[in-house]
Amino acid sequence: MEEVSNKQIILKDYVNGVPKESDMELRISTIKLKVPEDSKAVLVKNLYLSCDPYMRPRMKKTEGSYTDSFTPGSPLVGFGVAKVVDSAHPKFKKDDLVWGITGWEEYSIIKAPDSLFKIHNTDVPLSYYTGILGMPGITAYGGFYELCSPKKGETVYVSAASGAVGQLVGQFAKLLGCYVVGSAGSKEKVELLKNRFGFDEAFNYKEEQDLSAALKRYFPDGIDIYFENVGGKMLDAVLLNMRIHGRIAVCGFISQYNLEQSEGVHNLFCLITKRIRMQGFLAADYFPLYQKFVEMVTPHIKEGKVTYVEDIAEGIESAPGALVGLFSGRNVGKQLVRISRE
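Residues numbered from 1 in each chain as written. Predicted model: local features only at pLDDT ≥ 70, side-chain atom pairs only at ≥ 80, totals over all residues. Heavy atoms only, no water.

Looking up the chain in an unreviewed UniProt entry gives the name 2-alkenal reductase (NADP(+)-dependent)-like, with the organism given as Nicotiana tabacum.

What follows is the structure, encoded as structure tokens:
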């Protein structure tokens, strides 16, 4: 039975405040290239790892959350793309390509492989299955189309709009004939939103002294749909600028993840006066619609009607820096790590 070395990214301890690369360490172990006997496990070689904001809350000790905290002393866990090396599960065989939850390591034993998605379409980059054809894609699809029930001609605002999910929401809204504005944290990202993703307008939130006034400038008649990725002061400003019967899909609160005490939101009374529907959701809520989503988005990708920008770090050693960079806006587009070119 062949045994190989296995580089792993280990969480050293629970993290308070802004995460640092030093909160993680590279460890080299060994692994047998065979699944355990009497199991239904799958052994995979990881090709790409996805860096996602939701991983930050998992780096601290929490109870009652929808997902467990990471275990200090063990590899981080997240979405990735992998190739099956050995399988005891009837659904998967050697050399199958899959995406789903895996370890931050070169090889992983997946003990619950029913959560994996088999990759059938390989005439798009495999890396897309960490993004547009993976969890961020189904997040954008479910949150926008299913939760917000958009209509042609409506006004749509997307925060953190150049990220893995936001860039897709904006493009989906344009395909539907909506007026779309996005915000991001640099001039480069603002240009990307307008020139690459086709947003009608975009602005750098860091340059705005008054976020509510900025939104009034771009939405003089108000916002029908807000796709929420930021929280805090941004959400407060948006509530003042929503239209009657507006919808807010709450995808993430990235401005709050590193705070010891979350900021309060002061304009919630607008939910009543404007009859706004604000709803949180998880990507997994829409996993049952994954095939429907793929059938919708794949032709748009092939026809160039939907584009996707990736920020790829090379090698597992670069993974801690890539993850930490999410929280300072260092990445441009979807942040992922290439582990192997196989």
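Caption draft 1: Layout of the environment of phenylalanine 172. Topologically, phenylalanine 172 is positioned in helix α2 (residues 166–175). Distance from phenylalanine 172 to valine 306, taken between C-alpha atoms, is 7.9 Å for residues 134 residues apart in sequence. Excluding its chain neighbours within four sequence positions, the residues that come into contact with phenylalanine 172 are Gly137, Ala140, Tyr141, Phe144, Tyr145, Phe293, Met296, Val297 and Val306. (Helix = DSSP H or I, 4+ residues; strand = E, 2+ residues; numbered from the N terminus. Contact = heavy atoms within 4.5 Å.)

Caption draft 2: Looking closely at helix α5 (residues 232–241). Across the 10 residues that make up α5, a large majority, 8, are buried. Turning to α5, its buried residues are Gly232, Met234, Leu235, Asp236, Ala237, Val238, Leu239 and Asn241. (Buried < 20%, exposed > 50% of the residue type's maximum accessible area, 1.4 Å probe, protein only.)

Caption draft 3: The pattern of salt bridges, seen in detail. Summed over all chains, the structure comprises 20 salt bridges. Two residues, lysine 292 and glutamate 146, come together in a salt bridge whose shortest N-O distance is 3.4 Å. Of this pair, lysine 292 sits in helix α7 (residues 290–302) while glutamate 146 sits in helix α1 (residues 135–148), and the two are 146 residues apart along the sequence. Given the relative accessible area of 46%, lysine 292 is considered partly exposed. Take glutamate 146: its relative accessible area is 32%, and that puts it in the partly exposed class. Among the salt bridges present, the one from glutamate 154 reaches arginine 247, with a minimum N-O distance of 2.7 Å. Here glutamate 154 is found in the loop between α1 and β8 (155–158), whereas its partner arginine 247 is found in strand β12 (residues 242–250), with 93 residues between them in sequence. Its relative accessible area of 10% is what places glutamate 154 among the buried residues. Overlapping salt bridges bring together Lys83, Lys94 and Asp95 as one network. (Salt bridge = Lys/Arg side-chain N within 4 Å of Asp/Glu carboxyl O.)

Caption draft 4: Quick peek at the UniProt feature "domain: Enoyl reductase (ER)" (unreviewed entry) in the chain. Mapped onto this numbering, the UniProt entry gives "domain: Enoyl reductase (ER)" (unreviewed entry) at residues 42–337. In residues 42–337, the share of helix is 25% and the share of strand is 25%. The end C-alpha atoms are 22 Å apart. (UniProt positions renumbered as here; feature names shortened; annotations may be inferred.)

Caption draft 5: Focus on the pairing of strand β3 (residues 42–50). The element β3 is largely enclosed, with a buried count of 9 among its 9 residues. Pairing geometry for β3 and strand β4 (residues 77–87), over 7 bridges, is antiparallel. In the strand pairing of β4, valine 42 is matched with serine 87. Relative to strand β6 (residues 107–110), β3 is paired through 4 bridges, and the arrangement is antiparallel. Along β6, the bridge assignment pairs valine 44 with serine 108. With 3 bridges joining them, β3 and strand β15 (residues 334–338) adopt antiparallel strand pairing. Bridging across to β15, leucine 49 finds its partner in valine 337. (Pairing = 2+ DSSP bridges.)

Caption draft 6: View of the packing of helix α4 (residues 211–218) against α5. Where α4 meets α5, the closest approach of the two axes is 8 Å, and the angle between their N-to-C directions is 45°. Comparing their axes, α5 and α4 come out oblique. When the axes of α4 and α5 are compared, the crossing they make is right-handed. Across the interface between the two elements, Leu211, Ser212, Leu215 and Lys216 of α4 pack against Lys233, Met234, Ala237, Val238, Leu240 and Asn241 of α5. A class-by-class count of the residues in the contact of α4 with α5 yields 6 nonpolar, 2 polar and 2 charged. (Axes fitted to C-alpha atoms, helices over the stretch in contact; angles between N-to-C directions. Parallel < 35°, antiparallel > 145°, perpendicular 65-115°, else oblique. Left-handed = near helix turned anticlockwise from the far one by under 90°. Nonpolar A, V, L, I, M, F, W, Y, C, P; charged D, E, K, R; others polar.)

Caption draft 7: Representation of the packing of aromatic side chains. A complete count under the given rule lists 20 aromatic pairs for this structure. Aromatic side chains tryptophan 99 and phenylalanine 287 sit 6.2 Å apart centroid to centroid with 85° between the ring planes, which places their arrangement in the edge-to-face category. Within this pair, whereas tryptophan 99 is found in strand β5 (residues 97–103), its partner phenylalanine 287 is found in the loop between β13 (277–280) and α7, the two being separated by 188 residues in sequence. For tryptophan 99, a relative accessible area of 1% translates into the label buried. Taken together, Tyr54, Phe79, Trp99, Phe117, Tyr141, Phe144, Tyr145, Phe172, Phe287, Tyr290 and Phe293 form an aromatic cluster joined through their ring pairs. (Phe/Tyr/Trp six-rings, centres within 6.5 Å; stacked < 30°, edge-to-face > 60°.)

Caption draft 8: Representation of α7. For α7, built from 13 residues, the straight-helix expectation of 18 Å at 1.5 Å per residue is met to within 8% by its first-to-last C-alpha distance of 18 Å. Along α7, the residues classified as buried are Tyr290, Phe293, Val294, Val297, Thr298, His300 and Ile301. Residues of α7 that are buried sit in contact with β5, β7 (117–118), α1 and α2. (Expected span 1.5 Å × (residues − 1).)

Caption draft 9: Representation of the domain arrangement of the chain in the model. Domain annotation for the chain reports domain 1 (3–131 + 309–338) and domain 2 (135–284). Once you take the C-alpha centre of each, domain 1 and domain 2 turn out to be 28 Å apart. With 23 residues of domain 1 at the contact, the number on the domain 2 side is 17 residues. It is Gly131, Val309 and Val332 in domain 1 that bury the most area against domain 2; as a group they hold 29% of the surface buried on that side. Applying the counting rule to domain 1 against domain 2 returns 0 salt bridges. Seen at the junction of domain 1 and domain 2, the total is 6 residue pairs in polar contact (both at pLDDT 80 or more). (Domains from an automatic or database assignment. Buried area = accessible area lost by both parts, 1.4 Å probe. Polar contact = N/O pair within 3.5 Å; in protein donor to acceptor, adjacent residues only side chain to side chain.)

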